[in-house]
Amino acid sequence: MHEKALKHGESTYHINAMQKWINFKSSQQHGNIHQKLDSQHKQQVLDNRDYVKTLLNIVITAAKSNMAFRGHDESENSLNKGIFLEIFDLLKRESEKFQKLVKKIPNNAKYTSGVSQNSLLQAVAECVSDIIAKEAISAPFFAVIADETRDVSVTEQLSVCIRYVLDETVHERFLGFIALKELDADSLATVLLEKLRELGLNVNKLIAQCYDTTSVMSGSIRGVQALIRESAKNPCYYVPCSAHRLQLVITHTAGCLPEVAEFFNFISALINFIRSSTLRHDIFIDIQRDKKLPVVELPKVCQHKWEYNHKALRAIFQRYGILTETLEDLSVHGRSGDEKALAFGLQQSLNKFETVFLLINFIEVFDITTPLSKVWQSEDMDLAAAVNMSQETIKILNERRTSDDHFNAIWEKAVEFATARHITVTQQEPSSSKRQRKPSSRLLGSIVTETIGQRDTSERDKDPKSHCKRCIYYPILDKVLVEFGHRFDEPKHILLGVSACHPSSPNFLNENDLKYLADQYEIESENLHAEVLVAQRTLHDAKSISNALDKLKPLKQGFSTLWNLLHLALTFPVSNAKCERSFSVLKLVKTYIRATMGQKRLTSLGTISIEKGVVDSLDLDVVVDKFASLPIQSQSNLGKSTIRRMSLTHT
C-alpha cells in the first residue's frame, strides 16, 4: 500500500487534483479568478481617478493664478516646458505615490497634451456652471448683467453674468465669455437668451437686466433690453449701470467750461511729462526723499475712470511744492530746448491761482462722487439703497449751491494754500485771441441792456473771489446737478416699489407702492395689507433688505408676499461691475502671446479664475465623472487612435 501510495502521489491525476484542491481552498480565502479580476479593475479605476485628480489640481492651481499652461518647447529635454508639465514633473519627483501612478498609466493616456488640458479645464468649468445654475434655479428670481469689450485678438467678447438671492445673500456669478460675430441688438439678445437657456434657467424668472447706456443695449423699442423683455414676458426692468452713469456725469462736467477743460488737459500733460521719462520721474522722487517725505507717485490719468483722476489730483495737491521744484529744475537743466520750454510752461500753469482753486474745488467734488462709485460697484449693493444715495447726493450738492459757506471754505483753503507757496491771488485774464464782435450798425444810438447767446467778457468781475464764484464754482455745481438730474431721474413706479422694500427709504412698506410692484410681477398680494401692518412692527429696526429678510425668515410662511417682494427688490442689479472685473481677467488670460487661444478654453479659464470660491468648493470626484463623460478629443498631429480613454468608472 505504501508503494502504491508513493506511485500514485507522483501521477498526473494526483498532482492535478491536489492543485485544484489548493486552488479551491485559496479561492475560499482570497476569492475566485473573477473576483480577483474585478478587484484588480476596481483598484485600477481608483488609481486612474487619483491620477486625474492630481491633473485637475494642477490645472485649477494654474488657472486660478491666470498662468500660461504651455511652453514653447515641451520636449523631454526642454528647460521650460510650461507651468503644467513643470508642476507635473515636480510632483513626480516629490511624491512616490504619484510617481508609481504615472508608471502604471499608458503613454497614450497620460492626458498632458494641450487637447487633454482643454478637456480638464472644460470639466472644471462645467461643474462650476452646474453649481451656479442649480443655485439660480432654486432662487425665486434672477437678473442678467452683460457688457462687451474687444480682446487682444480684436474679437468682440460679451461677458455674461447673473444676479440672484439665495439664503438672504446676494450672489453675482460669471457665466462665460461669448465671441460676437454681429453687434446688432437682435444678435446680442439672441446669444444672451441662448446662454441662459443652455444652463436650464427659466427666462420667465428673469426680472431685471443691467447694461451700459449705449443705444444698442438701452433702446426702448428695438434695443437689447426691449427684446429681452419680450422674451421674459414681465416688466424685466432695465437698470442702466449706475457707476457708468456717474462717470458720464463727471465726464460732461469736466467739459462744461473752457477753464475746466483746460485744467484737466494741464493735469494730464503734467503727469505724462513726469511719468514719460525715467530721469524726470527720478528727479521728482529724489526731491521727496531729500526732504524726508513719504514717496507719493503720480498715478496715470484715465479719461473714463474718474476715480483715477481723483487719485491724481490728491497726489498733485500733496506734492504741489515738489512738482514746482521738479519743473523749475527741468526748465533750467533740461536735456533739450523742448524739454526746458515744456517744463517752464507747465511751471507757469501750476503757479496760477486759478489752477489751485480748480484743484481744490474738484477734489471736493470727487470726494463726494468717488465713494459713491465704489459703493455702487460692490456686489451686495441693492438698487433701492443706490437710488437713496443718489438722491442724498443731489441734496448735498443743492445745499452747497444755495449756501455760500462751502464756497467760502474752499476759497479760504485755496488762498491759504496759494499764499504758502507764494502764488499771487489773481484771476486769469481773458483771452485776447478771440475776434471782438462788432455791434450792429442798426443799434447805433441805442442802449444795450442784455447780451444773449454769448458770454460777455468785457465786464468781468474785478474781484478774484467774485470771479471764481460766478464763473467757476457755480457753473461747475450747476453742471453736476443738471447731469445728476438728467441721468438719475428715478421717479418710476417700479423703483418706488423697490424703494418701499428698503428700511432706510421714506416710503418703506408703503402699501400702494408695494402693491404696484407685486402686480407688475404677478405676485399674489391679497394678504399684503395684513402683512404690512404686522411687518411695520417686526421690521422697524431693520437696516437693509437682507437684514429684513433675515428677520422674516422664521415667519416667512405668514409673510409670503413680502418675502417675495423683498427677494425681488434685492435681485435688481445696480451696476455691471462684475462684467468689468471679468474684463480684467480677460486681459490677464488672453495676452499677446496667447492670442490664438480657443473660445472654449478662454471661457473655462475665465470661469475658474473669476469664480474661485465656487471652484474651491468643488468635489473632485464629481469633476472626474464630468471629465469621463466628455467626448474624447484627438490631437490632430497624432491621429485619432493615439489618445486612449482610461477607465475612470466601475461600469
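Since the model is a prediction, treat every value here as computed from it, not as a measurement.

S.K.: Explain helix α17 (residues 383–402) to me, using residue names and the numbers behind them.
M.R.: Every α-helix winds through 3.6 residues per turn, so residues three or four apart in the chain are directed the same way. With 20 residues, α17 should reach 28 Å at 1.5 Å per residue; the first-to-last C-alpha distance of 29 Å fits that figure. Of the positions making up α17, those classed as buried are L383, A384, A385, A386, V387, N388, S390, T393, L397 and R400. In this structure, the buried residues of α17 make contact with β5 (237–240), α16 (353–376), α18 (405–420), α19 (464–487), α20 (493–499) and α23 (545–552). Measuring from the side-chain oxygen of the N-cap residue of α17 to the backbone nitrogen of A384 gives 3.3 Å; that N-cap residue is D382.

S.K.: I'd like a description of helix α28 (residues 620–629), backed by residues and values.
M.R.: Those residues of α28 that sit buried are V623, V624 and F627. An end-on view of α28 places all buried positions within 100 degrees of arc, on one side of the element.

S.K.: An account of the pattern of salt bridges is needed here, citing residue identities and associated values.
M.R.: One pass over the full model with this rule turns up 30 salt bridges. Across the salt bridge formed by R49 and D621, the nearest N and O atoms sit 3.4 Å from each other. Of the two residues, R49 sits in helix α3 (residues 33–64) while D621 sits in helix α28, which places them 572 residues apart along the sequence. Look at R49 and you get buried, because its relative accessible area is 11%. Residue E172 is joined to R163 by a salt bridge in which the shortest nitrogen-to-oxygen separation is 2.8 Å. Both residues of the pair, E172 and R163, belong to the buried class.

S.K.: Which residues make up the pairing of strand β1 (residues 142–150), and what values do they have?
M.R.: Examined bridge by bridge, β1 and strand β2 (residues 156–166) share nine bridges and lie antiparallel to one another. Paired with F142 across the bridge in β2 is Y164. A loop of five residues connects β1 with β2, the two strands running antiparallel in sequence, and V154 in this loop sits at a positive phi of about 60 degrees. As judged from the four bridges shared by β1 and strand β4 (residues 206–211), these two strands associate in the parallel manner.

S.K.: Explain the confidence of the model for the protein chain to me, using residue names and the numbers behind them.
M.R.: For the protein chain, per-residue confidence averages 86 on the pLDDT scale, and residues scoring 70 or more make up 89% of the total. Ignoring residues within four places in sequence, the model shows residues 454–459, a span with pLDDT below 50, making six contacts including any to other chains. Low pLDDT (under 50) marks residues 634–643, which in the prediction has 12 contacts with non-local residues, meaning those over four places away or in another chain.

S.K.: Please give an account of a nonpolar patch on the surface that cites residues and values.
M.R.: On the surface, M18, W21, I22 and F24 cluster together to form a nonpolar patch covering roughly 410 Å² of accessible area. As for its position among the elements, W21 is in helix α2 (residues 12–30). Judged by its relative accessible area of 48%, W21 is partly exposed.

S.K.: Which residues make up the packing of aromatic side chains, and what are the values?
M.R.: For the structure on display, the rule yields 23 aromatic pairs. On the numbers, 5.2 Å between centres and 80 degrees between planes, the contact of Y111 with F627 is edge-to-face. One end of the pair, Y111, is in the loop between α5 (96–104) and α6 (114–138); the other, F627, is in helix α28, with 516 residues separating them in the sequence. For Y111, a relative accessible area of 5% gives the class buried. Its relative accessible area of 2% is what places F627 among the buried residues. For the ring pair Y237 and F572, a centre distance of 6.1 Å and an interplane angle of 50 degrees mean the geometry is tilted. Here Y237 is found in strand β5, whereas its partner F572 is found in the loop between α24 (560–571) and α25 (577–589), with 335 residues between them in sequence. For the pair Y237 and F572, one class covers both residues: buried. Here a set of aromatic residues connected by ring pairs shows up, and it is made of F353, F357, F407, W411, Y473 and Y474.

S.K.: Describe the side chain of Q122, naming the residues involved and giving the relevant values.
M.R.: With respect to the secondary-structure elements, Q122 resides in helix α6. Q122 gets classed as buried once you look at its relative accessible area, which sits at 12%. Looking at Q122, its side chain comes within polar contact range of the side chain of E126, at 2.8 Å.

Rules and cut-offs
- Residues numbered from 1 in each chain as written.
- Predicted model: local features only at pLDDT ≥ 70, side-chain atom pairs only at ≥ 80, totals over all residues.
- Heavy atoms only, no water.
- Helix = DSSP H or I, 4+ residues; strand = E, 2+ residues; numbered from the N terminus.
- Expected span 1.5 Å × (residues − 1).
- Buried < 20%, exposed > 50% of the residue type's maximum accessible area, 1.4 Å probe, protein only.
- Contact = heavy atoms within 4.5 Å.
- Polar contact = N/O pair within 3.5 Å; in protein donor to acceptor, adjacent residues only side chain to side chain.
- Arc of directions from axis to C-beta.
- Salt bridge = Lys/Arg side-chain N within 4 Å of Asp/Glu carboxyl O.
- Pairing = 2+ DSSP bridges.
- pLDDT = per-residue confidence, 0-100.
- Patch = residues over 30% accessible without salt bridge, like charges linked within 9 Å, V, L, I, M, F, W, Y side chains within 5 Å.
- Areas by Shrake-Rupley, 256 points an atom, 1.4 Å probe, with all protein chains shown as cover.
- Phe/Tyr/Trp six-rings, centres within 6.5 Å; stacked < 30°, edge-to-face > 60°.

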